[in-house]
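Examining the three-dimensional arrangement
So the chains spell out like this:
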Amino acid sequence: MTAVLFTCAGQRVDIVDAFRRAGATTIAVDVNPLAPALYHADRYALVPRVDDESYVAALRDVVTEHGVALVIPLTDLDQAKLARSRDDLGTLLLLPDADVVERLADKYLAHELFEERNVPSPPTWLPSHVPDDLPFPVLVKARVGFGSRDIYRAENREQLAFFLGYTPVESMVQVQLQGEEFSIDVFCDLEGRCLNAIPRTMIESKGGESIKGMTIRDDALIELARETSEKLRLVGPANIQCFREPDRSHYVTDINPRFGGGFPLPLAAGGRYPELALALARGERPEPRVGDFREGIVMTRFFSDLSLTRNGDGTLKPLVRAE
Ligand SMILES: Nc1ncnc2c1ncn2[C@@H]1O[C@H](COP(=O)(O)OP(=O)(O)O)[C@@H](O)[C@H]1O
Ligand SMILES: [Mg+2]
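These numbers come from a predicted model, not from an experiment.

Calculation rules
Residues numbered from 1 in each chain as written. Chains lettered and ligands numbered in written order. Predicted model: local features only at pLDDT ≥ 70, side-chain atom pairs only at ≥ 80, totals over all residues. Helix = DSSP H or I, 4+ residues; strand = E, 2+ residues; numbered from the N terminus. Rg over C-alpha atoms; globule rule 2.2 N^0.38 Å. Buried ≥ 20, exposed ≤ 12 C-beta atoms within 10 Å, placed from the backbone. Contact = placed C-beta atoms within 7 Å. Domains from an automatic or database assignment. Nonpolar A, V, L, I, M, F, W, Y, C, P; charged D, E, K, R; others polar. Pairing = 2+ DSSP bridges. Near = placed C-beta within 6 Å.

The subject of this paragraph is the overall build of the chain. When helices and strands are tallied, the chain shows nine helices and 17 strands. Over its C-alpha atoms the chain spans a radius of gyration of 20 Å, differing by no more than 12% from the 20 Å that the globule rule assigns to 323 residues. For the chain, the C-alpha atoms occupy an extent of roughly 65 × 45 × 40 Å along the three principal directions. Among the 323 residues that make up the chain, the fraction classed as buried is 41%. The long-range share in the chain, meaning contacts at least 24 apart out of those at least 6 apart in sequence, stands at 59%.

Domain boundaries assigned for the chain yield domain 1 (3–93), domain 2 (123–175) and domain 3 (178–300). Computed from C-alpha atoms alone, the centre-to-centre distance between domain 1 and domain 3 is 23 Å. If you look at the interface, domain 1 gives 15 residues, while domain 3 gives 12 residues. Only α1 (13–21) and β4 (68–73) provide two or more residues apiece to the side of domain 1 that touches domain 3. Of the residues assigned to the side of domain 1 that touches domain 3, the class counts are 11 nonpolar, two polar and two charged.

With that settled, the discussion passes to the pairing of strand β11 (residues 194–206). Two elements, strand β10 (residues 180–188) and β11, share seven bridges in a ladder whose sense is antiparallel. Bridge assignment links Ser-183 to a residue of β11, and that residue is Arg-200. If you look at the hairpin formed by β10 and β11, you'll find five residues sitting between the two strands, and Gly-192 has a positive phi there, around 85°. The loop that links β11 with its antiparallel partner strand β12 (residues 209–215) comprises two residues; one of these, Gly-207, has a positive phi angle of about 55°.

A few words on the sheet that holds strand β5 (residues 92–93). Read across the open sheet, the five strands follow the order β3-β2-β1-β4-β5; overall the sheet is parallel. Two strands bound the open sheet, and with one partner strand each, they are β3 (43–46) and β5.

Around ligand 1 lies a shell of 16 residues, among which Phe-146, Ser-148, Gln-176, Leu-177 and Asp-254 are the nearest. Residue classes in the shell around ligand 1 are distributed as six nonpolar, eight polar and two charged. Both domains that meet at the shell around ligand 1, namely domain 2 (123–175) and domain 3 (178–300), each give it at least three residues.

On to the environment of Ile-72, then. Checked against the element boundaries, Ile-72 lands in strand β4. Spatially, the C-alpha atom of Ile-72 lies 15 Å from that of Asp-42, the residues being 30 residues apart in sequence. Leaving out residues up to four positions away in the same chain, Ile-72 has contacts with Val-4, Phe-6, Leu-94 and Ala-277.

Here we take up the pairing of strand β13 (residues 236–244). Pairing of β10 with β13 involves nine bridges; the strand directions are antiparallel. Across the sheet, the residue bridging to Ser-183 is Gln-241, located in β13. Bridge analysis of β13 against strand β14 (residues 250–256) gives six bridges, and the strand direction is antiparallel. Directly across from Arg-244, in β14, lies its bridge partner His-250. From the end of β13 to the start of β14, which pair antiparallel, there are five residues, and Arg-248 there has a positive phi angle of about 70°.

Printed below as a string of structure tokens:
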């Protein structure tokens, strides 16, 4: 069986379970012993914080101990660090080049990357370079943001000046798009070939995470995502967010090079992304199946829970509930 290590496993029980069902031996790590995904994995380990200098060495120990063939980071937190030190992990890391990972993490650098590689990106400026004829409304948007935090809408110059002074984080100014927002879950091989691209609608989001959505067969979105992922040479899973404007032009606004919060949808739609990841770990070269998925699958997410009890040594284990 192929052993897969999930870092910053947190609450991503859906992903760990899906890999287990796909035939992986799952190993989850987190700094927090109360991270639920730890207890859904075949094995787990507690590791130092991502910013601790021994973080990568601790992961390497887990890799060696369990014969890990593939490392999959589940959050943004350790992506840059792992991409920079991939040679120290001693196994395959499912992330694009460090340069791309770092630029995607900063929305202004990402905008520059998109322009460089001909990926459509909304007009965006640094606060010091805003032009005189700025087309309002615009957004004052955190450069390193997540979960829709620190985004403010400005309708005119006064509001723009206010929000640039008000925001607590380094920001950029971006044209506010007017159309519908979509999200496309792609999976790419180690050479940056797109193996599949599954668009979904954003029926409802909470705290920046999609909680309700539906897969759609939309050829323009599929092609946009395939081209974008190949121009950026993405590797493994990524979530590409874009807008379709009233004139049917598209703009990419955010890319996370990891499984998105909406992971259950491409899974339920038959994307088989865990199987593709395992094939890459075995050194295979699966053929692209772009467009091969079921449309009209609806996802509605909910909270779940896990009860734990202490082992004799103070570690925790799932409580087996009497039915
Ligand atoms: N240029 C834009 N025009 C309109 N809405 C935007 C724009 N950029 C972001 N948004 C809205 O803000 C949300 C969060 O922005 P995003 O760039 O995805 O950052 P993050 O998800 O990292 O917080 C988006 O899902 C979208 O609804
Ligand atoms: Mg986003």
